[in-house]
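Remarks on the overall topology
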Amino acid sequence: MTDEIEQSPSAALIWQKSSFSGGPQGNCLYIATAPDGTLRLRESDDPDVILATGPQGLAGLLHHARSAATRGPDTRVHG
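Model, not experiment: these values are computed from the prediction. (Residues numbered from 1 in each chain as written. Predicted model: local features only at pLDDT ≥ 70, side-chain atom pairs only at ≥ 80, totals over all residues. Heavy atoms only, no water.)

1. A word on the layout of surface pockets
- The space that makes up the largest pocket amounts to roughly 670 Å³.
- If you trace the largest pocket, you find 23 residues lining it, with Ser18, Leu29, Tyr30, Leu41 and Leu61 closest to the centre.
- Those elements that place two or more of their residues in the lining of the largest pocket are β3 (29-33), β4 (39-43), β5 (49-53) and α1 (55-71).
- For the lining of the largest pocket, the element with the highest residue contribution is α1, accounting for five residues.
- Taken together, the residues of the lining of the largest pocket sort by class into 14 nonpolar, five polar and four charged. (1 Å grid on protein atoms, 1.4 Å probe; cavity = no way out; pocket = protein on both sides within 12 Å on 5 of 7 lines; lining within 4 Å. Points joined across faces, edges and corners; volume = space filled by probe spheres on them. Helix = DSSP H or I, 4+ residues; strand = E, 2+ residues; numbered from the N terminus. Nonpolar A, V, L, I, M, F, W, Y, C, P; charged D, E, K, R; others polar.)

2. A word on the nonpolar core
- Judged by nonpolar contacts, Leu13, Trp15, Ala32, Ala34 and Ile50 together constitute the single largest core of five residues.
- Ala32 has contacts with Leu13, Ile14, Trp15, Thr38, Leu39 and Arg40, leaving out every residue within four places of it along the chain. (Core = buried A, V, L, I, M, F, W, Y, C linked by side-chain atoms within 4.5 Å. Buried < 20%, exposed > 50% of the residue type's maximum accessible area, 1.4 Å probe, protein only. Contact = heavy atoms within 4.5 Å.)

3. What to know about the pattern of salt bridges
- Tallied over the full model, the rule gives one salt bridge.
- Among the salt bridges present, the one from Asp36 reaches Arg40, with a minimum N-O distance of 3.7 Å.
- Accessibility expressed as a relative area gives 56% for Asp36, which makes it exposed. (Salt bridge = Lys/Arg side-chain N within 4 Å of Asp/Glu carboxyl O.)

What follows is the structure, encoded as structure tokens:
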């Protein structure tokens, strides 16, 4: 995956909160599309750390998260 993590202000981006965010712990995930077309992800815990990825990278992350949720907390994937 060719994703990168950047430390920068994100005021110019329009952030959308995930519909799965906001549980009792208040952990929220946000996504935005940058002017160059890349997708940006950030957490409410540390909003200045932004993960930049493309559609394939996000699809891979979601696939992994769904697979891990299906397997349960005791199963780990190493690779």
